[in-house]
Amino acid sequence: LRLLRNDLTRGKGRGWIKVRLEAPPPNRWGIGATVRVGSGPARAVVAGGSYLSGPPAEIVFGVPKGVPASVSVRWPDGATTTAETEVDRTVVVRR
């Protein structure tokens, strides 16, 4: 039997931003869009997975606390949208 312990302290210098996309039908969740927070790596909004399941339509980024963040979305048609947000928040970016 092994016991593992996570020694990371919660909230000490680390935060999160959850990004949810909203667009007009037929692609209401922005499937195929790429999302970037600050200068970090871009992540794609994907659909699918296994039978009767799939990933959530939200993307969560780990970010440093105390720094306002810029969320940039490149939609599937090539248009871009930018939003400013604070750390530890869910931001909804609308097309």
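Calculation notes
- Residues numbered from 1 in each chain as written.
- Predicted model: local features only at pLDDT ≥ 70, side-chain atom pairs only at ≥ 80, totals over all residues.
- Heavy atoms only, no water.
- Helix = DSSP H or I, 4+ residues; strand = E, 2+ residues; numbered from the N terminus.
- Rg over C-alpha atoms; globule rule 2.2 N^0.38 Å.
- Buried < 20%, exposed > 50% of the residue type's maximum accessible area, 1.4 Å probe, protein only.
- Contact = heavy atoms within 4.5 Å.
- Areas by Shrake-Rupley, 256 points an atom, 1.4 Å probe, with all protein chains shown as cover.
- Lys, Arg positive; Asp, Glu negative; His and termini not counted.
- Charge placed at Lys NZ, Arg CZ, Asp CG, Glu CD.

A.B. asks: Break down the overall build of the protein for me, citing the residues and quoting the values.
C.D. replies: Helices and strands together make up the secondary structure of the protein, namely zero helices and seven strands. Each helix and strand of the protein, ordered N terminal to C terminal, gives the series β-β-β-β-β-β-β. Relative to the globule expectation of 12 Å for 95 residues, the C-alpha radius of gyration of the protein, 16 Å, shows a markedly less compact shape. Taking the principal axes of its C-alpha atoms as reference, the protein extends roughly 50 × 40 × 20 Å. Each of the 95 residues in the protein was classed as buried or not, and the buried ones make up 24%. Across the protein, the fraction of contacts at a sequence separation of at least 24, relative to all contacts at a separation of at least 6, is 55%. For the protein, the exposed area adds up to about 6,900 Å²; of that, 54% sits on carbon and sulfur atoms. Of the side-chain charges in the protein, 15 are positive and 7 negative, and the distance between the mean point of each set is 6 Å.

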